[in-house]
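# Chains, contacts and geometry: an overview
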Amino acid sequence: MKDGDIARRGLVLLGCGKMGSAMLEGWLKRGLPPTSVWVNDPHPSDWLRAQGVHLNAALPESPAIVLVAVKPQMMAEALPTLKGYGNGGTLFLSVAAGVTIARYEEMLGERTPIIRAMPNTPAAVGQGITAIAGNARADEADLASAEALLSAVGEVVRLEGEGQMDAVTGVSGSGPAYVFHMIECLAAAGEAQGLAPALALQLARATVAGAGALAMQAGEDPAQLRRNVTSPNGTTQAGLEVLMDAATGLPPLMKATVAAAADRSRELANG
C-alpha cells in the first residue's frame, strides 16, 4: 500500500470504543484528514461526533483499510456488512481479541489480506505496545501500513506467526492488569506497615510508574537496574530475598500467571 492511499481511498473504522477512539485521535493528530475516515458505531461518543469524520454514513467503494475494533461477540453481526470488501485490495486490520485470522478468512474470503493485532490498554495514553501477524495475502507494504497506523498509540512489534499471539496475550495483552494489581498489593503492604491508605497508594502508584519509565529510558536491562538499587545486606536485598525466592516468590507466580492467561487465550480461539 502506497503512502497517501489511506487519505485517498479512505479508512473504515468498525467500532469506536476506547481503543478505536485512542487510535483515531492519534491518526488525526498526525494529519489524517477526518474526511478520509468512515466510522461505524451504534453508540458514538460526543468526542467522536465532534471530529468531522463520516459517522454511520454510506461507506466508500474501495477503502484502503478496514480496521475492526468491535468486541468479538459483536463480530458475527458487524462483519458480514463488509463482505463485499473481501478478496480484493482492501486490507483488514483487526484489534478484536481472540478472533483468529482463519475466522476472518471464512467470513471475508481467503484471498483477503488480513492482519491481526493485539494492542493493550495503555494505548489510551499513547503508551501501548501492539503485536501484529498477517496472513499469506498480507504483504510487506500491508504490514508497514498496519505498523504506521498502530504506532499512533505506542510501540509495534511483528510476530513470526499468529501462533505467538496467545503468549503475547498472556504477557502484554493481560499484563497491565497484573501491574495494576501489583500497585494494589504494594499499597496494601504499605498500609500494613502503618501508612495512611491514600499515602500508601500514592507511593505505590508513583513507584511503579517511575520504575517503568526508568526501565524504558535507561540503557541498562532490568536485572542491572535491580542490582543498581540493591546495596549488600541493605533494605532492598531483604525485600528481594522474599520476592525472588525460586519456590515461593514472584518467578514461579508470574510464570503460572502468564501460562494461565495464554492457555485461556488458546481455549477461546478454539471455541
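Quick note: structure is the one above.
Residues numbered from 1 in each chain as written. Predicted model: local features only at pLDDT ≥ 70, side-chain atom pairs only at ≥ 80, totals over all residues. Heavy atoms only, no water.

### Describing the sheet that holds strand E8 (residues 154–158)
With mixed pairing, 8 strands are arranged side by side in an open sheet as E3-E2-E1-E4-E5-E6-E7-E8. The open sheet has two edge strands with one neighbour each: strand E3 (54–55) and E8. Where strand E1 (residues 11–14) meets strand E4 (residues 65–68), 4 bridges bridge the pair, whose relative direction is parallel. When the sheet's bridge partners are listed, Leu-13 is paired in E4 with Leu-67. Lying on the sheet, helix H7 (residues 165–173) is in contact with strand E6 (114–118) and strand E7 (128–134); it crosses E6 at an angle near 30°. (Pairing = 2+ DSSP bridges. Helix = DSSP H or I, 4+ residues; strand = E, 2+ residues; numbered from the N terminus. Contact = heavy atoms within 4.5 Å. Axes fitted to C-alpha atoms, helices over the stretch in contact; angles between N-to-C directions.)

### Quick notes on the nonpolar core
Of all hydrophobic cores here, the largest spans 33 residues; its most connected members are Leu-13, Leu-24, Trp-27 and Leu-93. When residues of this core are assigned to their parent elements, the largest contribution, 5 residues, is made by helix H2 (residues 18–29). When near neighbours in sequence (up to four residues on either side) are disregarded, Leu-24 contacts Leu-13, Cys-16, Val-37, Val-39, Trp-47, Leu-48 and Val-53. Membership of the second largest hydrophobic core comes to 19 residues, among which are Val-66, Val-68, Ala-78 and Leu-79. (Core = buried A, V, L, I, M, F, W, Y, C linked by side-chain atoms within 4.5 Å. Buried < 20%, exposed > 50% of the residue type's maximum accessible area, 1.4 Å probe, protein only.)

### So, the pairing of E4
Alternating positions in E4 separate into two faces, Ile-65 and Leu-67 on one and Val-66 and Val-68 on the other, with burial throughout. Sheet topology places E4 next to strand E5 (residues 91–94); 4 bridges connect them, and they run parallel. Following the sheet pairing, Val-66 is matched in E5 by Phe-92.

### Focus on helix H6 (residues 140–150)
Taken residue by residue, H6 has Asp-142, Leu-143, Ser-145, Ala-146, Leu-149 and Leu-150 as its buried positions. An end-on view of H6 places all buried positions within 160° of arc, on one side of the element. (Arc of directions from axis to C-beta.)

### Here's the deal with the side chain of Thr-112
Tracing the sequence through the fold places Thr-112 in the loop between helix H5 (101–108) and E6. Among the residues examined, Thr-112 registers a relative accessible area of 0% and is labelled buried. A distance of 2.8 Å separates a polar atom in the side chain of Thr-112 from the backbone nitrogen of Asn-87. In this structure, Thr-112 is in contact with Gly-86, Asn-87, Thr-90, Phe-92, Asn-135 and Arg-137, ignoring residues within four places of it in sequence. (Polar contact = N/O pair within 3.5 Å; in protein donor to acceptor, adjacent residues only side chain to side chain.)

### Focus on unusual backbone geometry
Despite not being glycine, Asn-87 has its phi angle at roughly 55°, a positive value. Structurally, the position occupied by Asn-87 is in the loop between helix H4 (75–78) and E5. For Asn-87, a relative accessible area of 32% gives the class partly exposed.

### Structural notes on the layout of surface pockets
Considered as a void within the structure, the second largest pocket measures approximately 800 Å³ in volume. Elements represented by at least two residues in the lining of the second largest pocket include exactly H2, H7 and helix H12 (250–269). Here the lining of the second largest pocket takes 4 residues from H12, the largest share from any one element. In terms of residue class, the lining of the second largest pocket is built from 16 nonpolar, 11 polar and 4 charged. (1 Å grid on protein atoms, 1.4 Å probe; cavity = no way out; pocket = protein on both sides within 12 Å on 5 of 7 lines; lining within 4 Å. Points joined across faces, edges and corners; volume = space filled by probe spheres on them. Nonpolar A, V, L, I, M, F, W, Y, C, P; charged D, E, K, R; others polar.)

### Side note on the packing of helix H8 (residues 175–192) against helix H9 (residues 197–217)
Running from amino to carboxyl end, H8 crosses H9 at an angle of 140°, the nearest separation of the two axes being 8 Å. Regarding the angle of H8 to H9, the classification is oblique. For H8 against H9, the interelement crossing comes out right-handed. Facing H8, whose interface residues are Val-179, Met-182, Ile-183, Leu-186, Ala-187, Gly-190 and Glu-191, H9 presents Pro-197, Ala-200, Leu-201, Ala-204, Arg-205 and Val-208. Within the contact of H8 with H9, the residues separate by chemical class into 10 nonpolar, 1 polar and 2 charged. (Parallel < 35°, antiparallel > 145°, perpendicular 65-115°, else oblique. Left-handed = near helix turned anticlockwise from the far one by under 90°.)

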